[in-house]
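Okay, here's what each chain looks like letter by letter:
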Amino acid sequence: GAGVSQSPSNKVTEKGKDVELRCDPISGHTALYWYRQSLGQGLEFLIYFQGNSAPDKSGLPSDRFSAERTGGSVSTLTIQRTQQEDSAVYLCASSSLGTGRNIQYFGAGTRLSVL
Amino acid sequence: AQSVTQLDSQVPVFEEAPVELRCNYSSSVSVYLFWYVQYPNQGLQLLLKYLSGSTLVKGINGFEAEFNKSQTSFHLRKPSVHISDTAEYFCAVSRMDSNYQLIWGAGTKLIIKP
């Protein structure tokens, strides 16, 4: 596609429910990143996928968070048993190489509200 | 470990006035430096980056930044702001030794007053 696409753009859920957030990266980009942006905060790294390598999950805040990337393209971030502190904007980015000098291209994000 | 400090959470400035958004970083290894902009309800977009070479880097929309290694700073400047520059600006660094992670500052909201 032309850019990174995320869906849904907004998600309202009740505490305790599971949610799935989707990211469709730029075609051909091998690296994919998930970030969380809480109100008034910078970006918090969650997870990184690069090609067929094992993902770097070091940023996931708890075992309620998981992510997968199917076929090296689309990624899904799943939050189980959501809590109010999970409310944030979840941003996905992709890049062509996944090194520190490479530009990351961002989607518009999914705004998650946990009631 | 690396860290990034954006000293100002908000910077109000009159339209057509100059602006400087400050960014300082801490790192034990050499880094690449980036500025991203986030317009309301949008994702982040790269403004400019410093990888090597000239310490003065020019980006999109008339912005520029200067890398100062001795002061570990990468301040963003624009000589004359426009109402359309209203956005949040994020400074980020990444290690030169192939680490893929960007370490982010907390962001600075640029508020343009008419």
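Residues numbered from 1 in each chain as written. Chains lettered and ligands numbered in written order. Predicted model: local features only at pLDDT ≥ 70, side-chain atom pairs only at ≥ 80, totals over all residues. Heavy atoms only, no water.

**Quick look at the state of the cysteines**
Move 1: Applying the stated criterion across every chain yields a total of 2 disulfides over all chains.
Move 2: Note that Cys23(A) is cross-linked by a disulfide to Cys92(A), the S-S spacing being 1.8 Å. Between Cys23(A) and Cys92(A), the S-S torsion sits near -65°, and that sign places the bridge as left-handed. Of this pair, Cys23(A) sits in strand β3 (residues 19–24) while Cys92(A) sits in strand β8 (residues 88–95); the two residues are 69 residues apart in sequence, bridging distant segments of the chain.
Move 3: Owing to a relative accessible area of 0%, Cys23(A) belongs among the buried residues under this scheme.
Move 4: Cys92(A) gets classed as buried once you look at its relative accessible area, which sits at 0%.
Move 5: Cys23(B) shares a disulfide with Cys91(B); S-S distance 1.9 Å. Looking along the S-S bond of the Cys23(B)-Cys91(B) disulfide, the torsion reads about -65°, which is the left-handed sense. (Disulfide = S-S within 2.5 Å. Helix = DSSP H or I, 4+ residues; strand = E, 2+ residues; numbered from the N terminus. Buried < 20%, exposed > 50% of the residue type's maximum accessible area, 1.4 Å probe, protein only.)

**Here's the deal with the pairing of strand β5 (residues 43–50) of chain A**
All names here are of chain A.
Move 1: β5 sits mainly inside the fold: 7 of its 8 residues count as buried.
Move 2: Alignment of strand β4 (residues 31–37) against β5, held across 7 bridges, turns out to be antiparallel. Bridge pairing in β5 links Trp-34 to Ile-47.
Move 3: Where β4 hands over to β5, the hairpin turn is made up of 5 residues, of which Gly-40 adopts a positive phi near 75°. (Pairing = 2+ DSSP bridges.)

**With respect to the pattern of salt bridges**
Move 1: If you walk through the whole model with that rule in mind, you get 8 salt bridges over all chains.
Move 2: One network of salt bridges, in which partners are shared, links Glu20(B), Glu66(B) and Arg77(B). (Salt bridge = Lys/Arg side-chain N within 4 Å of Asp/Glu carboxyl O.)

**Here's the deal with unusual backbone geometry**
Move 1: Note the cis peptide between Ser7(A) and Pro8(A), where omega equals -10°.
Move 2: Within the fold, Pro8(A) resides in the loop between β1 (5–7) and β2 (10–13).
Move 3: Phi at Asn41(B) is positive, roughly 60°, even though this residue is not glycine.
Move 4: Here Asn41(B) lies in the loop between β5 (31–38) and β6 (44–50).
Move 5: The backbone phi angle of Thr72(B) is positive, close to 45°, even though this residue is not glycine.

**Notes on the nonpolar core**
Move 1: Counting 28 residues, the largest nonpolar core has Trp35(B), Leu48(B), Leu76(B) and Tyr89(B) as its most contacted members.
Move 2: Counting residues per element, the ones that place at least two in this core are β2 (10–14), β3 (19–21), β5, β6, β8 (64–68), β9 (73–78), β10 (87–95) and β12 (108–113) of chain B.
Move 3: Not counting residues up to four positions away in its chain, the partners in contact with Leu76(B) are Val19(B), Glu20(B), Leu21(B), Trp35(B), Leu47(B), Leu48(B), Phe63(B), Glu64(B), Ala65(B) and Tyr89(B).
Move 4: Counting residues in each nonpolar core, the second largest holds 22 residues, with Ala31(A), Ala93(A), Ile103(A) and Ala92(B) among its members. (Core = buried A, V, L, I, M, F, W, Y, C linked by side-chain atoms within 4.5 Å. Contact = heavy atoms within 4.5 Å.)

**Concerning the sheet that holds strand β7 (residues 75–79) of chain A**
Residues and elements named next belong to chain A.
Move 1: Spatial strand order, β1-β3-β7-β6: 4 strands in an open sheet with antiparallel pairing. Each edge of the open sheet carries a strand with a single partner, namely β1 and β6 (65–69). Across the sheet, the mean angle separating the axes of adjacent strands is 15° when strand polarity is ignored.
Move 2: Two strands pair when backbone bridges link them, and β3 and β7 are joined in this way by 5 bridges, in the antiparallel orientation. Bridge pairing in β7 links Arg-22 to Thr-76. (Axes fitted to C-alpha atoms, helices over the stretch in contact; angles between N-to-C directions.)

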